[in-house]
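For reference, the chains in residue letters:
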Amino acid sequence: MDALWIVLALLVAGALGSPVTTLVLRLARSVDTAERRRDEPPEPADQPQLDLPAPPPEPPTIEVSLVPPGVLRGGLVIGVLERLAVTVAILSGQPVAIAYVVAVKALGRYPELSQSPAASERFIIGTLASLLWAAGVATLVKVYLLGFT
């Protein structure tokens, strides 16, 4: 029965962490946008307003090979692996291994992060959301297993 709970924890931490992280990143972007709007001076009412065209119904797509290097590619796969590693580290009683996961991720992304402050901010927010999700899931399962073993 313990093995079933461990597999369930890995599935929940790995798979459901992506939507949670995406939600946190969207929330951060909306808060940032709202703050920028608040800091901008209000537009005078007597100035003519520009009529902008309607946005396209679907966002444009781009070939992965054409994405500039400043954009953090592979983040979804890296995030899933990160959450799995954190979950395994906590369930196996080795939380120090989380430091290795974070260090490897940061070192691997350093060239991209050093060139783009926006990418650095997304990296930090995404990593923290991902780590907190995985740690929360693993901790809940570990407490459950220790309480009923």
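Heads up: these notes are all about the structure in this document. (Residues numbered from 1 in each chain as written. Predicted model: local features only at pLDDT ≥ 70, side-chain atom pairs only at ≥ 80, totals over all residues. Heavy atoms only, no water.)

## Re the packing of aromatic side chains
Part 1: Here the structure, examined in full by the defined rule, presents one aromatic pair.
Part 2: Ring geometry for W5 against Y144: centres 4.4 Å apart, planes inclined by 50 degrees, an arrangement best described as tilted. Taken as a pair, W5 in helix α1 (residues 2-15) and Y144 in helix α5 (residues 117-147) lie far apart in primary sequence, 139 residues in all. (Phe/Tyr/Trp six-rings, centres within 6.5 Å; stacked < 30°, edge-to-face > 60°. Helix = DSSP H or I, 4+ residues; strand = E, 2+ residues; numbered from the N terminus.)

## Description of the packing of helix α3 (residues 75-91) against α5
Part 1: Between α3 and α5, the shortest axis-to-axis distance is 8 Å and the interhelical angle comes to 35 degrees. For the pair α3 and α5, the sense of crossing is right-handed. In this structure, α3 uses G79, E82, R83, V86, T87, I90 and L91 to contact α5, whose residues at the interface are T127, S130, L131, W133, A134, A135, A138, T139, V141 and K142. (Axes fitted to C-alpha atoms, helices over the stretch in contact; angles between N-to-C directions. Left-handed = near helix turned anticlockwise from the far one by under 90°. Contact = heavy atoms within 4.5 Å.)

## Looking at the packing of α3 against helix α4 (residues 97-115)
Part 1: Where α3 contacts α4, the two axes come as close as 8 Å, and the packing angle between them is 160 degrees. Between α3 and α4, the angle falls in the class roughly antiparallel. Crossing geometry of α3 relative to α4 is assigned as right-handed. Counting all contacts with α3, which are made through G75, I78, E82, A85, V86, A89 and I90, the residues of α4 involved are A97, I98, V101, K105 and R109.
Part 2: For the contact of α3 with α4, the residue count by class is eight nonpolar, one polar and three charged. (Parallel < 35°, antiparallel > 145°, perpendicular 65-115°, else oblique. Nonpolar A, V, L, I, M, F, W, Y, C, P; charged D, E, K, R; others polar.)

## Side note on the side chain of T21
Part 1: Inspection of the secondary structure assignment puts T21 in helix α2 (residues 17-39).
Part 2: When its relative accessible area of 10% is taken as the criterion, T21 is described as buried.
Part 3: The contacts of T21, once residues within four sequence positions are left out, are R83, G126, A129 and S130. (Buried < 20%, exposed > 50% of the residue type's maximum accessible area, 1.4 Å probe, protein only.)

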